[in-house]
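One-letter residues, chain by chain:
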Amino acid sequence: MPIEEENSIRQKIADPSPRKTARMAGLFYLIFILTTVLATSIRDRFIVSGDAAATANNIISSQGLFRVGFVTELVSATFFVLAAWALYVLLKPVNKNLALLLLVLNLGGVAVECLNALNLYAALQFLSGANYLTAFQPSQLQALAMSSLDLYTNGFLLTQIFFSAWLLPLGYLVYKSRSLPKFLGLLLILDFFGNMSWFLQGFLLPDYKILAYPGNAISFIAEISLTVWLLIMAVKEQK
């Protein structure tokens, strides 16, 4: 085989086409969305708002499922990083510095999310019945477990600082790219404001959850649209 042809084959393996990269990003993003929905639905089965005893009983009676939800969240975070990496590769030709910025912001959010997930595991530890916990009354352990779950909720809300910020360079790069439609970029920029409204409402106006609903709707539309477009339409090849 001629050296030039061999080098060309190696280059194609190392640097997949933009269409393949786009579909890979869409696939990773889809897995991230599905695993996030699964982890959230599992977690919501256990938590009874304002009732530490009932929540503790739910966790104790189905510890295996609770562990599955914990692991599923970590899997979700992993695929979110993979989706960000694929988007970085796809959009790097538009502006390398901004593409790197969106990847770094995503990594920051995922790092905080994974550390925050330990609050879920802490709730399980408080209810594990370990010998060193006999110094506490059952009601105290239930309260500690509920407090850990509340910390998890607030910690997840904290990650929205990063998960909002990464949408700005992402939306701008998608808008400027000649390979993707501009409306996707605009939706992602609106998604930034939607996520930030959720963050601000959660910490500043916690009793007015309705204020975050419009932003959550925008986020759903933007991220589902991006995922579906990448999976089905991919990108236009540039000559």
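Since we're looking at a predicted model, the values are computed, not measured. (Residues numbered from 1 in each chain as written. Predicted model: local features only at pLDDT ≥ 70, side-chain atom pairs only at ≥ 80, totals over all residues. Heavy atoms only, no water.)

J.: Sorry if this is basic, but what is going on with helix 9 (residues 182-204) here?
T.: In an α-helix, one turn spans 3.6 residues; hence positions three or four apart end up facing the same way. If you check helix 9, its first and last C-alpha atoms are 33 Å apart, about what 23 residues at 1.5 Å a residue would give, namely 33 Å. Turning to helix 9, its buried residues are Leu184, Gly185, Leu187, Leu188, Asp191, Phe192, Gly194, Asn195, Met196, Phe199, Gln201 and Gly202. In this fold, the buried residues of helix 9 make contact with helix 6 (138-158), helix 7 (160-165), helix 8 (167-176) and helix 10 (213-232). (Helix = DSSP H or I, 4+ residues; strand = E, 2+ residues; numbered from the N terminus. Expected span 1.5 Å × (residues − 1). Buried < 20%, exposed > 50% of the residue type's maximum accessible area, 1.4 Å probe, protein only. Contact = heavy atoms within 4.5 Å.)

J.: It is not clear to me how the nonpolar core should be interpreted in this structure. Could you clarify?
T.: It is characteristic of soluble globular proteins that their nonpolar side chains tend to be buried jointly. In this structure, Tyr29, Trp166, Leu170 and Leu230 are the most contacted members of the largest nonpolar core, which totals 38 residues. Broken down by secondary-structure element, the contributors of at least two residues to this core are helix 2 (18-46), helix 4 (63-91), helix 5 (96-126), helix 8, helix 9 and helix 10. Of the residues forming this core, the biggest block, nine residues, is contributed by helix 4. Aside from chain neighbours lying at most four places away, what touches leucine 170 is Leu87, Leu91, Leu102, Leu188 and Leu226. Core analysis: the second largest hydrophobic core is formed by 15 residues, Phe46, Ile59, Leu124 and Met146 among them. (Core = buried A, V, L, I, M, F, W, Y, C linked by side-chain atoms within 4.5 Å.)

J.: Looking at this model, I keep getting lost on empty space enclosed by the protein. Mind explaining?
T.: In this approach the atoms are scanned with a rolling probe the size of a water molecule, which exposes any empty space left behind. Tallied over the entire structure, the rule returns one cavity of 30 Å³ or more. Considering only enclosed or pocket space, the largest cavity measures out at about 50 Å³ in volume. Around the largest cavity, the lining residues are Ala39, Ile42, Arg43, Phe46, Phe66, Gly69, Phe70 and Leu120. For the lining of the largest cavity, the secondary-structure elements that each account for two or more residues are helix 2 and helix 4. Counted by class, the lining of the largest cavity contains six nonpolar, one polar and one charged residues. (1 Å grid on protein atoms, 1.4 Å probe; cavity = no way out; pocket = protein on both sides within 12 Å on 5 of 7 lines; lining within 4 Å. Points joined across faces, edges and corners; volume = space filled by probe spheres on them. Nonpolar A, V, L, I, M, F, W, Y, C, P; charged D, E, K, R; others polar.)

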